[in-house]
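Listed here are the chains, written in short residue letters.
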Amino acid sequence: MEQHKQQTLVTPLVSLFFILLSSLNVTFATVSSGESPFTPRAHLIRYWNKAVQNDAEKPSFLLSKASPLSAVDSAAFAQLAAQNALSTRLQEFCSSANLLCFPDVGQSLENHDGDTNFTAYSTKNFTNYGTARWAGVDSFKNYSVGDTSQVDSFRRYSRDSVNHTDDFNSYGPEANLVDQSFNSYATGAIAGTGEFKNYADSVNVPNLRFNSYSDDSTGRAHAFTAYSENANAGDQSFTSYSKHGNGAPNEFTGYGTDANSVGSGFTGYSEAVNGADDKFSNYGNDQNNPQNKFKSYGDSGNAAVETFTSYRDSANVGDDSFQSYAKNSEGEKVNFINYGKSFEVGSDKFTGYGKGASGESVGFKIYGVNNSFSDYSKNESITFKGYTKLSGSLVKSRVEPGKFFRESMLKKGIVMPMPNIQDKMPKRSFLPRFISSKLPFATSKIYELKRIFQAPDNSTMEKIMLDALEECERAPSAGETKRCVASAEDMIDFATSVLGTNVVVRTTDNVNGSSHDVLIGSVKGINDGNVTKSVSCHQSLFPYLLYYCHSVPKVRVYEADLLDPISKAKINHGVAICHLDTSAWSPTHGAFVALGSGPGRIEVCHWIFQNDMTWAVAD
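It should be emphasised that the depicted structure is a prediction, and the values quoted were computed from it without experimental measurement.

What counts and how
- Residues numbered from 1 in each chain as written.
- Predicted model: local features only at pLDDT ≥ 70, side-chain atom pairs only at ≥ 80, totals over all residues.
- Heavy atoms only, no water.
- Helix = DSSP H or I, 4+ residues; strand = E, 2+ residues; numbered from the N terminus.
- Phe/Tyr/Trp six-rings, centres within 6.5 Å; stacked < 30°, edge-to-face > 60°.
- Disulfide = S-S within 2.5 Å.
- Buried < 20%, exposed > 50% of the residue type's maximum accessible area, 1.4 Å probe, protein only.
- Salt bridge = Lys/Arg side-chain N within 4 Å of Asp/Glu carboxyl O.
- Expected span 1.5 Å × (residues − 1).
- Contact = heavy atoms within 4.5 Å.
- Axes fitted to C-alpha atoms, helices over the stretch in contact; angles between N-to-C directions.
- Parallel < 35°, antiparallel > 145°, perpendicular 65-115°, else oblique.
- Nonpolar A, V, L, I, M, F, W, Y, C, P; charged D, E, K, R; others polar.
- Polar contact = N/O pair within 3.5 Å; in protein donor to acceptor, adjacent residues only side chain to side chain.
- Pairing = 2+ DSSP bridges.

(A) Region of the structure containing the environment of Asp 152. Mapping Asp 152 onto the fold places it in strand E5 (residues 149-155). Sequence separation between Asp 152 and Phe 182 is 30 residues, and the spatial gap between their C-alpha atoms is 8.9 Å.

Below, the structure written as C-alpha cells:
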C-alpha cells in the first residue's frame, strides 16, 4: 500500500519533468561541461541563442540572474504552482529559488518573571510578554542584526505593568525589509519608560505599526531617538497612541532623518489625554518626500503641550495633513517653530484645526509655503505672528553629486563625481518562465498573491507587492513602451520586440568609484555615437526578481573606462545613457535641480546602476 502511495505521488512529477524536458528543445552542445542541460540557466542559454541573432559574447551578468533551481526542483515547484499549492512549501521554495520571503515568526514568548536582555535575537512573537510586571528592565540590544528580513510581533507587551522599563537599542539595523507590529503595547501601564533608540536604522522598506500604544497609561514616558533614520521607503503608523493617557510625555527626536519617501500616520494620537507633553524635534529632517498624516491628534485633550521644533527641516517636498488636530481640547498649547522649512516646496493641509477648543494657544513661526487652513478655529488666542512664507528655492546639494550630468562631461581626462550606484535591494533570482507564468500578477489578484506568499493584511510584503503591481499597471508616459518582466526570457522577448534580434545588453561592470571622484578614460559611443533607441530595465522590489523595462527613444549610449584620479589605474567600466529629449520631464526633476535649466532645454545623462541594464542594437 505504501509503495502504491509513493508511485501515485511520483508518477505525475516524473511525467511533468519529461514534458518540461521536451519543451526545452535540448541541444547538449550549448551547455558547459559538467552542467546539467535541464536547469533554468541551461534553458536560458539556449533561449538566448535562439532569440538573439549575433555572435556577441553572452551577458554573464544576465545569466547569473537565472533561477538556481535544479531540474527536479523546477519540475516539482512548477507542478505545485499549477495546482495553486506553492504556499504549502513556501519556505522551501523561497530558499531553493533565492526569493524574498519573510521567515515564519518563532514561538510565542509568554509572561516572564525576571529582567531579560535580548541580544543577537530575531524573528519572535512576544505575546503577553511583561504583562503586569513590577519594575525591572527588558532590553533589546542588537536585536535582528544581520537579518535580511525581519518579522517580529509584540502583542500586549508590558500591559498593566508598573514602573517597568523597555529599551530598544540598535534594533533591526541595516535590514532590507522590516515588519514589526506593537499591538496594545503598555496599555494600562503606570510610570516606567519605553525608549526606542537607533531603531530600524538604514533599513529598506520599514513597515512599523504601533496600535493602541500606551492607551490608558499613567505617567509612562516614551522616547523615539534616531528612529528609522536613513531608511528607504516604507511606512510607520501610530494608531490610538497614548489614548486616554494621563501625564504621558512622548518625544520624537532624530526621527526619520535622511530617510527617503517614508510615511508616518498618527491617528487618534494623544486623544482625550490629560496633561500630555509631546515633542517633535528634528523630525523628518533632510527627508526626501516625507508623508505625515495627523488625524484626531490631541482631540478632546486637556492641558496638553504639543511642540513641533525643526520639523521637516531641509526636507525635499513632501506633504503633511493635520485633520481635527486639538479639536474640542481644553487649555492645549501647540507650537510650530521652524516647521516645514523645506528646500523644495511641499504642502500642508490643516482641516478642522483647533475647532471647538477652548483656552488653546497655537503659535506658527517660520512655517513653510503652500499651506491650506480649512475650517480653522477663529479663537483670537491663535496667532500667526512671525509666520514666514519661505521662498522654496532649490538647493543643488540635495541631489547626490554625479547622479546627473551633461553629455560634455563624457570626455577623456575629465574628473567628475560618481554617485553611489550600489544596488540596495535584496538579492533575488528570476523564476523560470514555466513557473512565473502560473502565478497571478495583477492588483486584482492581490489576495491570491498574499495567500501564496503568506503576506498578512497591512504587512510589508503586501505593500511591496502592491507598489510593484501598481507601477507595472501604470499607463505609459508619452512615447514610452513599457513592460514588467518576471523572467529573463520575458526580458529578452521585450527587448527584441522593440529593437530587433541583433541586440546587446550592457551594464556598469562593478560599483568601484561609487561616491568618489573618477577620472574618465577612453569613451566609446554605441552605434558610432548616433542618436538611437534603447530599452532600459530597472529592478522592482518583489518576492522574485522583477524588472520594469521601457523603451527610451532619442538617446545616446556610451561606454567609458573609469580610472582612479590619483593612480590613473582602471577601476571600472561604466555604461551611461544620455536622454536628449527631456521636454516631458517635470520642472522639479532632480536633474534640473542639480544641473539647472528645465524641461526640453538640456540633455541629461546618468550611469547605469548595479544590476540595472540597457539594451541597444549591436554595433
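(B) Here's a closer look at the packing of aromatic side chains. By the definition in use, this model includes seven aromatic pairs. Plain terms: the ring middles of Trp 585 and Phe 592 are 6.2 Å apart, the flat faces sit at 50° to each other, and that makes the pair tilted.

(C) Representation of the state of the cysteines within the structure. Enumeration over the complete set of coordinates arrives at four disulfides. A sulfur-sulfur separation of 1.9 Å characterises the disulfide bridge that pairs Cys 472 with Cys 484. Taking the sign of the S-S torsion, -95° for the link of Cys 472 and Cys 484, the bridge is left-handed. In this pair, Cys 472 is assigned in helix H8 (residues 460-473) and Cys 484 in strand E24 (residues 482-485), connecting sequence segments twelve residues apart. Under the relative-accessibility criterion, Cys 472 is labelled buried at 15%. Overall, Cys 484 belongs to the buried group, its relative accessible area being 16%. The disulfide that involves Cys 537 links it to Cys 549, with 2.1 Å between the sulfurs.

(D) A look at the pattern of salt bridges. Counted according to the given criterion, the structure contains 15 salt bridges. Linking Glu 407 and Arg 556 is a salt bridge whose minimum nitrogen-to-oxygen distance equals 2.6 Å. Within this pair, whereas Glu 407 is found in the loop between strand E22 (382-383) and strand E23 (415-417), its partner Arg 556 is found in strand E28 (residues 546-563), the two being separated by 149 residues in sequence. Residue Lys 570 is joined to Asp 561 by a salt bridge in which the shortest nitrogen-to-oxygen separation is 3.2 Å. Put simply, Arg 433, Arg 483, Asp 490 and Asp 493 are held in one network by salt bridges that share partners.

(E) Molecular detail of helix H2 (residues 40-51). For H2, spanning twelve residues, the distance from its first C-alpha to its last is 16 Å, which sits close to the expected 16 Å at 1.5 Å a residue. Buried residues dominate H2, accounting for nine of its twelve residues. The complete set of buried residues in H2 reads Pro 40, Ala 42, His 43, Leu 44, Ile 45, Arg 46, Tyr 47, Trp 48 and Ala 51. Contacts from the buried residues of H2 go to helix H3 (60-63), helix H4 (71-82), helix H6 (433-436), helix H9 (488-499), strand E25 (503-506) and strand E31 (613-617).

(F) Structural view of the environment of Val 523. Tracing the backbone through its elements, the reader meets Val 523 in strand E26 (residues 517-525). Its relative accessible area of 31% is what places Val 523 among the partly exposed residues. C-alpha of Val 523 to C-alpha of Asp 561: the two residues are 38 residues apart in sequence and 6.7 Å apart in space.

(G) Just unusual backbone geometry, in detail. Phi angles above zero are rare outside glycine, and Asp 528 is one such case at about 60°. Tracing the backbone shows Asp 528 in the loop between E26 and strand E27 (532-540). Backbone geometry places Ser 597, a non-glycine residue, at a positive phi of 70°. Its place among the elements puts Ser 597 in the loop between helix H10 (590-595) and strand E30 (604-607).

(H) Structural detail: the packing of H2 against H9. Closest axis-to-axis distance for the H2/H9 pair is 10 Å, and the angle between their directions is 10°. In terms of axis orientation, H2 runs roughly parallel to H9. Counting all contacts with H2, which are made through His 43, Leu 44, Tyr 47, Trp 48 and Ala 51, the residues of H9 involved are Ala 488, Glu 489, Ile 492, Asp 493 and Thr 496. Considering only residue class, the contact of H2 with H9 consists of six nonpolar, two polar and two charged.

(I) Fine view of H4. Between its first and last C-alpha, H4 extends 17 Å over twelve residues, near the 16 Å set by a 1.5 Å rise per residue. Extensive coverage of H4 is indicated by the burial of nine of its twelve residues. Along H4, the residues that are buried comprise Ala 71, Ser 74, Ala 75, Ala 76, Phe 77, Ala 78, Gln 79, Leu 80 and Ala 81. Asn 84 sits one or two residues past H4 and shows a positive phi near 60°.

(J) Examining the side chain of His 606 more closely. Relative to the assigned elements, His 606 resides in strand E30. A residue is classified by how much of its surface remains accessible, and His 606, at 17% relative accessible area, is buried. There is a polar contact of 3.1 Å between the side chain of His 606 and the side chain of His 579. Residues contacting His 606, with those up to four places away along its chain left out, are Lys 403, Phe 404, Phe 405, Val 575, Ala 576, Ile 577 and His 579.

(K) Looking closely at the pairing of E26. Pairing geometry for E23 and E26, over three bridges, is antiparallel. For Met 416, the partnering residue across the bridge sits in E26 and is Val 518. Taken together, the five bridges between E26 and E28 define a ladder with antiparallel strand orientation. Each residue of the ladder has a partner; that of Val 523, found in E28, is Ala 560.

(L) Quick look at the side chain of Glu 603. Relative to the helices and strands, Glu 603 is located in the loop between H10 and E30. Within the local environment of Glu 603, its side chain forms a polar contact with the side chain of Arg 406, the two groups lying 2.8 Å apart. Engagement of the side chain of Glu 603 in a polar contact is seen with the backbone nitrogen of Glu 407, the distance being 2.9 Å. Excluding anything up to four places from it in sequence, Glu 603 contacts Arg 406, Glu 407, His 579 and Leu 580.

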